[in-house]
Structure formats: C-alpha cells, structure tokens
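Single-letter residue listing:
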Amino acid sequence: MTTTSSVRADPGASAPYPLPGRLGRPELDLGTDPRSDPRMVAALAPFGLTTNGAPPPLGADAPRAALLEFCAGAEAGFEAVFEALMAGLPPVEGVTTTTHTIQGVDGNEIGLYIVRPTADTGPLPGILHIHGGGMVILRGSGAAYARFREELAVTGLVVVGVEYRNGAGVLGPHPYPAGLNDCSSALAWVHAHREELGITTVTVAGESGGGNLTLATTLKAKQDGVLHMIDSVYALVPYISGAHAWNEADRRRELPSLVENDGYFISCAMNEIMIEVYDPGAAHATDPLCWPYHADVDDLAGLPPHVISVNEVDPLRDEGVAYYRKLLAAGVDATGRTVLGACHAADLMFRAAIPDMYAATINDIHRFADAR
C-alpha cells in the first residue's frame, strides 16, 4: 500500500494535520524541518549538512572497488566533521586510558581502549563500547569516540572500546561477519578479565552501526550459549534493518522514518552503498546476526535488560522502535527512549553545541549500567 495523501486525520481536531517531515512535505530538510533542534542546525550549518544534498555519484550496483573508494572518502569526511565538533573542548580530567591487544577468533589482532576513573579503583560497572559507522567506516580511536568513552568513564564506569574490522576504510575491507566476530571476541575477553578490570557487570553499548553490533553480539552470545557474559544492553540509534534499499512504498508502510527523515544528516542512498559493502549481494539480508531487525520473538526471548534509544528526526528511528516492541513481545525487560529534535547520533556529536543533550545520554547510560 502506498500512502498518497500528505495529511492524516486527528480524531480530536476539526481539521487534518500534515504528516511529519518529508512524508508530508518532501521539500523539507534538516535545516527547515520545524522539529529540528536549532542548536543542532547551527552546529551542522558550517559543514553544509543541513540540506539533503545531492545523491551519491554511484549506486550500490557499482563495482566493488568503486564502492570501497566511495566509503573511504566518506570516512575521511565524517572523521573531519567529528574532529571539528570536538575541537576546543577542555580535556576530560580524572580518567586514565590504556590500550591492549587481543587475538580474535579469526586469528587477527584487535585493539582495545580501556578507560577508567583515575581515582576510583572499583569495583565499578563495565561498558563494552562499540563505535558507529555502519559497520563499514570510522575508528574507535577517532576524536568523538575517544571523548565519549572518557565522558562515560568519568561518571564512574570502566569503558572498554573495541577497534573491530570494518567493511571498508582504513580498517577494511572486511565484510560481515568480521566485525561481529571481533566484538564477540572482545566480549569474551572482557568477561574473562572482569576481576582484573575491576568491573562488576558488563553492559554492551553502541550507536548506529555500533548499535547493530551491540544487538548482534547479544544475539550471537545467546546462540553460542554464552549469554551469561552480558548483564545488559544499551543500543543507540541502531542501524539494523538493511531496508534502506527498499522501494519507497515499502519503506513508507513498514519503516516510515526512512522516508520522513531521509537525507537528514544521513540518507538511504548512502546507506544502500554501505549495506552492499557490509553484506555483498545481500547474502545475509534476513539474518538477525547481520541485520538484527529480522530477529523474531524466539531469538529475543531470555535476553538481558535492554535500552533502545532513538532520535526524532533520524531516518533510522522506526527500526529501533520496532526492535524495542519486539523485545517487549518476547518478555524482555526493555526501555525505549526518544531524543526530541535530534538527527542521527546528535546526542553523541554535539558536546559543545548541545551539552545538555549530550550529558543526558551519558547519564542515562551510567544510570542503566549502575542499576544492574
């Protein structure tokens, strides 16, 4: 079924009101959508990221070498934006960062970044942090993620960031399931070294592609019979459907935010390329370990407590909401959270421009992990 009307009926009103975002007004962009936080818009404007922009110069059917080249360029661009957004912030005082290298199940080396409060020896709640980037780009060592781990740690957490293999970019090209295997290896190491790390619990947490790997690592732990390694799960703006290549009618029907907010900082066209790079030929299009959106109630039953946090003007919003509802249907202790006015990952990016939004997410992760 295709939605053709730009208005919907409000039973409590005398007149219909517009559908939100680009569902009702296709000409809207992040800068003109009235729901967008104006501080976010002002912070993104210098980078030209408040408009929907031109589509990528190639499609997902381009030769693999061209797709990898495109992703490498996207990685460099996003890293530069994150570096600029974190520039000028005072250093986080009272934390200590060390690095450690472990061997993964595939025989590769995996870097870990271990951040703890300098003056608090524990025991403390632990976070296994999985960075974003669509499982294809970005690094845990980048400015935004290094800052995020430090801000978490200073609240009284031990945070372990995992530098997993990406589908493209500097840490690629390693398609699914390389990154998932690395995250599962990191989980096993953290669990085995709880006493050495001084942690009482392990919360797996990540955003966007890291949200995918957070949920997939949990599903894999259940399949592998090691779910006891995970005490809780916190997924932010999870990128989990692989549906960005669907036609518009199907997106409108099942995941309308993919139309409503398309082009707001990220786009379906760009994500379609990243999906192909991560899962070539859509060989795992409905595999929950690749795309957790496709997990069923039996897959989810018995999982530890979850938080699913989504952002209002994010194309990915509805896939996170759908996963939250599946968790509830499976009897999982799950909490849903929505950050109003925020584009994809805004509450992790805008430490300087929107400190209250950033702090609210940091504090909620701490509260959740500390309650286990």
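Residues numbered from 1 in each chain as written. Predicted model: local features only at pLDDT ≥ 70, side-chain atom pairs only at ≥ 80, totals over all residues. Heavy atoms only, no water.

What about the packing of helix 3 (residues 64–86) against helix 10 (residues 268–278)?
Item 1. Interaxial distance between helix 3 and helix 10 falls to 10 Å at its minimum, and their mutual angle equals 120 degrees. The orientation of helix 3 with respect to helix 10, classified from their angle, is oblique. As helix 3 packs across helix 10, the resulting crossing turns out to be left-handed. For the pair helix 3 and helix 10, contact is made by R64, L67, L68, F70, C71 and F78 and by M270, I273, M274, E276 and V277, respectively. (Axes fitted to C-alpha atoms, helices over the stretch in contact; angles between N-to-C directions. Helix = DSSP H or I, 4+ residues; strand = E, 2+ residues; numbered from the N terminus. Parallel < 35°, antiparallel > 145°, perpendicular 65-115°, else oblique. Left-handed = near helix turned anticlockwise from the far one by under 90°. Contact = heavy atoms within 4.5 Å.)

A short note on the pattern of salt bridges
It is possible for side chains of opposite charge to pair when their charged atoms get near one another.
Item 1. Tallied over the full model, the rule gives 19 salt bridges.
Item 2. For E27, the salt bridge goes to R25, with nearest N and O atoms at 3.1 Å.
Item 3. Its salt-bridge partner being E151, residue R147 comes within 3.0 Å of it at the nearest N-O pair. In this pair, R147 and E151 both sit in helix 4 (residues 143–153), 4 residues apart, roughly one turn of the helix. Taken as a pair, R147 and E151 share a single burial class, namely buried.
Item 4. Residues participating in the shared-partner salt-bridge network are D33, R35, E260, R317 and D318. (Salt bridge = Lys/Arg side-chain N within 4 Å of Asp/Glu carboxyl O. Buried < 20%, exposed > 50% of the residue type's maximum accessible area, 1.4 Å probe, protein only.)

A closer look at the environment of G111
Item 1. With respect to the secondary-structure elements, G111 resides in strand 4 (residues 109–117).
Item 2. For G111, the contacting residues outside a window of four places in its chain are H100, G161, V162 and E163.

What about the packing of aromatic side chains?
Item 1. Per the stated rule, a full pass over the model turns up 8 aromatic pairs.
Item 2. Between Y176 and Y278, the aromatic rings sit 5.8 Å apart at their centres with planes inclined by 70 degrees, giving edge-to-face as the arrangement. Placement of the pair is Y176 in the loop between strand 6 (158–163) and helix 5 (178–192) and Y278 in helix 10, with a sequence separation of 102 residues. Pair check on accessibility: Y176 and Y278 agree, each one buried.
Item 3. Judged by centre distance (5.8 Å) and plane angle (70 degrees), the rings of Y234 and F368 are edge-to-face. Of this pair, Y234 sits in strand 8 (residues 232–236) while F368 sits in helix 14 (residues 355–370), placing them 134 residues apart in sequence. Grouping residues by exposure puts Y234 and F368 together as buried. (Phe/Tyr/Trp six-rings, centres within 6.5 Å; stacked < 30°, edge-to-face > 60°.)

Purely spatial values, then, with no claim about function.
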